[in-house]
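Structural overview
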Amino acid sequence: MPTDVHQHIWPQEFLALLRARTTPPRLDGWTLRLPGEPPYAVDPADHDIAARARLARADGLDLALVSLSSPLGIEHLPPAEAAPLLAAFHDGALDLPAPFGVWASVCLSAPEPDTEALRRELNRGCAGLQLPATALLDAEGWARCAPLLDVAAELDKPLFVHPGAAPAAPDGAPSWWPALVPYVHQLHASWFAFRAFGRPRHPDLRVCFAALAGLAPLHGERLVARGGGRDRGRVDCNAFYETSSYGTRAVDALVRAVGIDVVVSGSDRPYAEPVVPDLGAAAAVHALRTANPARLLGPTRGARP
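One structure accompanies this document, and this report is about it.

Thresholds applied
Residues numbered from 1 in each chain as written. Predicted model: local features only at pLDDT ≥ 70, side-chain atom pairs only at ≥ 80, totals over all residues. Heavy atoms only, no water. Core = buried A, V, L, I, M, F, W, Y, C linked by side-chain atoms within 4.5 Å. Buried < 20%, exposed > 50% of the residue type's maximum accessible area, 1.4 Å probe, protein only. Contact = heavy atoms within 4.5 Å. Pairing = 2+ DSSP bridges. Helix = DSSP H or I, 4+ residues; strand = E, 2+ residues; numbered from the N terminus. Axes fitted to C-alpha atoms, helices over the stretch in contact; angles between N-to-C directions. 1 Å grid on protein atoms, 1.4 Å probe; cavity = no way out; pocket = protein on both sides within 12 Å on 5 of 7 lines; lining within 4 Å. Points joined across faces, edges and corners; volume = space filled by probe spheres on them. Nonpolar A, V, L, I, M, F, W, Y, C, P; charged D, E, K, R; others polar. Expected span 1.5 Å × (residues − 1).

1. Structural notes on the nonpolar core
Judged by nonpolar contacts, the single largest core of 82 residues is most densely connected at W10, F14, L131, L159 and Y241. Beyond its immediate stretch of four places on either side in the chain, L159 contacts L129, L131, L136, W142, L149, L205, R206, V207 and C208.

Put into structure tokens, the structure is as follows:
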């Protein structure tokens, strides 16, 4: 079952609600306006469902998991604003044709996490829970999200950690700045916070970090040098790393650090093209695209009831 664990499609009702907003995140026609990023011209073809299904089949995929774009910041909007957007996203994504599945997202601005909303979406067929890395940067973040993670663990569903909203870029910053600076920093910090605070609280939870966790596992030698890596040789078999926007050199380096069994294929399409890293053996491609995603997703493998 070749799988891409990280794609984005915006269903029609979700697009309509973004266009109806008067403050960011909002769509002005096909121009996306976010607080921390320059205006982004969205290509309508990127959200043409039939065209995207054909593209997924051309990529040889049996499953492509659609993710809410956490950099939009929807999870952190006031509950009354977040709820209709989340409902439109889930309803539309769950109605997508094969080979698409979907990650569940939740509002994080309420006083207490809405575990029942998460349980409902997971029981409707979502493959797992997605959280923005900005919600998981420290002990407080992992503790606040713990009730959500308990629900995911109870239902045997994984967590997908995706970059969250970016702060305002410095004056004169190039267009790639958010993707290369705050996104990577968020993933890097959330991975170390997971190691220090998340894993002890959730010993069996399957977790996948987008974009190779900002390459955080490559800092193992520095971790040892600073007194935090006495178990450096032990691989966490339930911590996975998704490959979007990286190629052979980065993937090969990460494999040397954590082993190939925890690296899974993801593209971040339509924002990046899928890359099949050249790791020297067909078995490696099978591991990234088929065997490892199956272990990440569990028995249902993202399938709907």
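Next comes the rest of the description.
2. Overview of the sheet that holds strand β4 (residues 37–41)
With antiparallel pairing, three strands are arranged side by side in an open sheet as β2-β3-β4. One side of each edge strand has no neighbouring strand; the edge strands of this open sheet are β2 (26–28) and β4. Across the sheet, the mean angle from the axis of one strand to that of its neighbour is 25°, orientation sign disregarded. When β2 meets strand β3 (residues 31–34), the two strands line up antiparallel, connected through three bridges. In the sheet register, L27 faces β3, and the bridge partner there is L32.

3. Side note on the layout of surface pockets
There is about 780 Å³ of room inside the largest pocket. Surrounding the largest pocket, 31 residues form its lining, E37, A179, Y183, D268 and Y271 being those nearest its centre. Those elements giving two or more residues to the lining of the largest pocket turn out to be β3, β4, α7 (177–180) and α8 (182–201). Among the elements that make up the lining of the largest pocket, the one with the highest residue count is β4 (four residues). When grouped by side-chain class, the residues that make up the lining of the largest pocket number 21 nonpolar, eight polar and two charged.

4. Considerations on helix α11 (residues 282–297)
Given a rise of 1.5 Å per residue, 16 residues ought to cover 22 Å, and the 22 Å separating the end C-alpha atoms of α11 matches this to within 8%. Along α11, the residues classified as buried are A284, A287, L288, R289, T290, N292, P293, L296 and L297. Those residues of α11 that are buried lie in contact with β1 (3–7), β5 (63–66), β9 (207–209), β10 (239–242), α10 (248–258) and β11 (263–264). Phi turns positive one or two residues past the end of α11, at G298, with a value near 85°.

5. Comments concerning the environment of L65
Along the chain, L65 turns up in strand β5. Remark: the alpha-carbon pair of L65 and A282, spanning 217 residues in sequence, is separated by 23 Å.

6. Quick notes on the environment of L288
By secondary structure assignment, the location of L288 is in helix α11. Sequence separation between L288 and S265 is 23 residues; the distance between their C-alpha atoms is 5.2 Å. Those residues within four positions of L288 in sequence are excluded, and the remaining contacts are T243, V251, I260, V263, V264, S265, P277, L279 and P293.

7. Overview of the sheet that holds β9
In space, the five strands of this open sheet follow the order β7-β8-β9-β10-β11, with parallel pairing throughout. Taken across any chain shown, the strands that pair with only one partner, and hence form the sheet edges, are β7 (129–132) and β11. Note that strand β8 (residues 159–162) and β9 share three bridges and pair parallel. When the sheet's bridge partners are listed, L159 is paired in β9 with V207.

This is a description of form; function is not addressed.
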